[in-house]
Amino acid sequence: MTSYASPILTSLLDTDAYKLHMQQAVYHRYRNISVVAEFRCRGDELLGEYASEIREQVLMMSQLALTDDEFTYLSSLPFFTQDYLNWLKAFRYNPEHVTVSDRNGHLHVRIEGPWREVIMWEVPLLAVISEVVHRQRSPFVTAQMAVDQLRKNLASFKEQAADIDLSAFRLMDFGTRRRFSGEVQEAIVSTLKNEFPYLVGTSNYDLAHKLQLTPVGTQAHEWFQAHQQISPVLANSQRAALQAWLDEYPDQLGIALTDCITMDAFLRDFGSKFANAYQGLRHDSGDPFEWGEKAIAHYHALDIDPMTKTLVFSDNLDLDKALHLYRHFHQRVNLVFGIGTRLTCNIPGVKPLNIVIKLVQCNGKPVAKLSDSPGKTICQDKAFVKALRKAFDLPLVKKAS
């Protein structure tokens, strides 16, 4: 018997909002596309010893189903269509899509199947992996310890921000994937709701439902990655992804992720039509100040007032970094800060896991992420990386990880 005789996850909605938003678009547009996603531990930690417990949790995930109350909740939101929600009500995780193994001490996870189903595994499975590892490594940690640390950070933030107008500061919880535990995330977000007036939402649909918060999130890298094989012409794939999203959500969920094939390549495709149609952009790699300046300059070049747009910063943020960015860009553009791990796994003595699950294939062919941070580049096929760089007029590099 392992330490988890009961499931870690108890709600199908215990996931990030962008998974459901992307899943609906895939359900409507790409129902027959298949994909492969794989786990990466960027810290190269040896997590293979936890494989059996993780497999046990994967099997239990097949019992998750949308409740009547959750169905009613999702139906009340403007994002979803009835046909998709009816399908989602019948959706069940299929553990046969997931392989979990210990490879010489390293944790190997591979997810393979229809994109409309595989898309749901990433966030809750990462949350499961994180919780299994942390509960074994730090069994005496409590949610109250996390809340105590949060309150210290909030007091420091208040002190540092005493000289600036924070009326336009907006914080979102992005902490599901690498949280210490579900209990810790709920305690942190509840505390923020009660004690931090700048919280505007959470990416976790279950917490948004429970705590009556705004669910936030649009699309992830996999949306753009899959289009590298969906689009007949590789060089048009980013524009195809941007257009397909607009077709699904013409006047909502309009924040575009910019770093699947670097910010510079993104901006070349993000012309006047897209820049006017989308509400704003999300930063997830590379220098955030440089990125923000490029975004603002791009809007100015297109004769668009940046104050009509929003920049969402979400890369490795904590409250201190968010405040520095706010000071720099305040009153030049609307700002939102999505903070994840530094909220939900910020406990003295606990080292957060640097883990991801990313697409590696679509319809049996390779896809890639060419991030603005070299360590975040993901692709197993060097020839495809070379073709992608050529298609998007990016300099060739000797090595892709």
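Residues numbered from 1 in each chain as written. Predicted model: local features only at pLDDT ≥ 70, side-chain atom pairs only at ≥ 80, totals over all residues. Heavy atoms only, no water.

S.K.: Tell me about the environment of Gln 361, and name the residues and values.
M.R.: Among the structural elements, Gln 361 can be located in strand S10 (residues 355–362). Along the chain, Gln 361 and Leu 394 lie 33 residues apart, while their C-alpha atoms are 21 Å from each other. Leaving out residues up to four positions away in the same chain, Gln 361 has contacts with Val 35, Val 36, Arg 110, Pro 366 and Val 367. (Helix = DSSP H or I, 4+ residues; strand = E, 2+ residues; numbered from the N terminus. Contact = heavy atoms within 4.5 Å.)

S.K.: Summarise the packing of helix H1 (residues 17–29) against helix H4 (residues 82–90); cite the residues concerned and give the values.
M.R.: Two numbers describe how H1 lies on H4: the axes approach to 10 Å, and their chain directions differ by 105°. Classified by the angle between their axes, H1 and H4 sit roughly perpendicular to one another. Facing Leu 20, Gln 23, Gln 24, Tyr 27 and His 28 of H1, the residues of H4 in contact are Asp 83, Tyr 84, Trp 87 and Leu 88. Residues that form the contact of H1 with H4 fall into these classes: five nonpolar, three polar and one charged. (Axes fitted to C-alpha atoms, helices over the stretch in contact; angles between N-to-C directions. Parallel < 35°, antiparallel > 145°, perpendicular 65-115°, else oblique. Nonpolar A, V, L, I, M, F, W, Y, C, P; charged D, E, K, R; others polar.)

S.K.: I'd love a proper account of helix H14 (residues 288–301), names of residues and values included.
M.R.: With 14 residues, H14 extends 20 Å between its outermost C-alpha atoms, agreeing within 8% with the 20 Å of an ideal straight helix rising 1.5 Å per residue. Among the residues of H14, Trp 291, Gly 292, Ala 295, Ile 296, His 298 and Tyr 299 are the ones counted as buried. Taken around the axis of H14, the buried residues stretch over an arc of 155°, which confines them to a single face. Across H14 from its buried face, at more than 90 degrees, point the exposed residues His 300 and Ala 301. On its buried face, H14 is in contact with helix H12 (263–269), helix H13 (272–277), strand S7 (280–283), strand S8 (310–313) and helix H15 (319–329). The opening residue of H14 is Asp 287, an N-cap whose side-chain oxygen sits 3.0 Å from the backbone nitrogen of Phe 289. (Expected span 1.5 Å × (residues − 1). Buried < 20%, exposed > 50% of the residue type's maximum accessible area, 1.4 Å probe, protein only. Arc of directions from axis to C-beta. Polar contact = N/O pair within 3.5 Å; in protein donor to acceptor, adjacent residues only side chain to side chain.)

S.K.: Quick one: what's the story with the sheet that holds strand S3 (residues 106–114), residue by residue and with numbers?
M.R.: The strand order across the open sheet built from five strands is S2-S3-S1-S10-S11, with neighbouring strands paired in antiparallel fashion. The outermost strands of the open sheet, each flanked by one partner alone, are strand S2 (98–103) and strand S11 (365–366). As defined by bridge partners, S2 adjoins S3 across six bridges and the pair is classed as antiparallel. In the sheet register, Thr 99 faces S3, and the bridge partner there is Arg 110. Running at roughly 145° to S10, helix H6 (residues 122–137) makes contact with strand S1 (34–41), S2, S3 and S10 of the sheet. (Pairing = 2+ DSSP bridges.)

S.K.: Got a sec to walk through the sheet that holds S7? Specific residues and values, please.
M.R.: Overall, parallel pairing links the six strands, which are arranged S5-S4-S9-S8-S7-S6 in an open sheet. The open sheet has two free edges, formed respectively by strand S5 (199–202) and strand S6 (255–257), since each of these has just one partner strand. Averaged over neighbouring strand pairs, the angle between their axes works out to 25° when direction is ignored. When strand S4 (residues 171–173) meets S5, the two strands line up parallel, connected through three bridges. Note that in S5 the partner of Asp 173 across the bridge is Thr 202.

S.K.: Please give an account of the pairing of S7 that cites residues and values.
M.R.: In S7, alternate side chains face the same way, and those of Gly 280 and Arg 282 on one face and Leu 281 and His 283 on the other are all buried. Here S6 runs beside S7; their pairing, made up of three bridges, is parallel. By the bridge assignment, Ile 255 is partnered in S7 with Gly 280. With four bridges joining them, S7 and S8 adopt parallel strand pairing. Paired with Arg 282 across the bridge in S8 is Val 312. Each parallel crossover has a hand, and the one from S7 via H14 to S8 is right-handed. (Right-handed = clockwise from strand over helix to strand, strands pointing away.)

S.K.: Provide a residue-level description of the packing of aromatic side chains, including the pertinent values.
M.R.: Under the defined criterion, the tally for this structure stands at 29 aromatic pairs. With a centroid separation of 6.0 Å and an interplanar angle of 50°, the aromatic rings of Phe 80 and Tyr 205 are classed as tilted. Placement of the pair is Phe 80 in the loop between helix H3 (68–75) and H4 and Tyr 205 in helix H9 (residues 205–211), with a sequence separation of 125 residues. For Phe 80, a relative accessible area of 10% translates into the label buried. For Tyr 205, a relative accessible area of 0% puts it in the buried group. Seen from their ring centres, Phe 157 and Phe 196 are 5.5 Å apart, and the 70° between their planes marks the pair as edge-to-face. Of the two residues, Phe 157 sits in helix H7 (residues 143–160) while Phe 196 sits in the loop between helix H8 (182–195) and S5, which places them 39 residues apart along the sequence. (Phe/Tyr/Trp six-rings, centres within 6.5 Å; stacked < 30°, edge-to-face > 60°.)

S.K.: Tell me what's going on with the packing of H1 against helix H11 (residues 237–248), and back it up with residues and numbers.
M.R.: Remark: H1 packs on H11, axes separated minimally by 10 Å, with the N-to-C direction vectors making an angle of 95°. By the angle class used here, H1 and H11 are roughly perpendicular. Seen from H1, the contacting residues are His 21, Met 22, Gln 24, Ala 25, His 28 and Arg 29; seen from H11, they are Ala 244, Trp 245, Asp 247 and Glu 248. Residue classes in the contact of H1 with H11 are distributed as four nonpolar, three polar and three charged.

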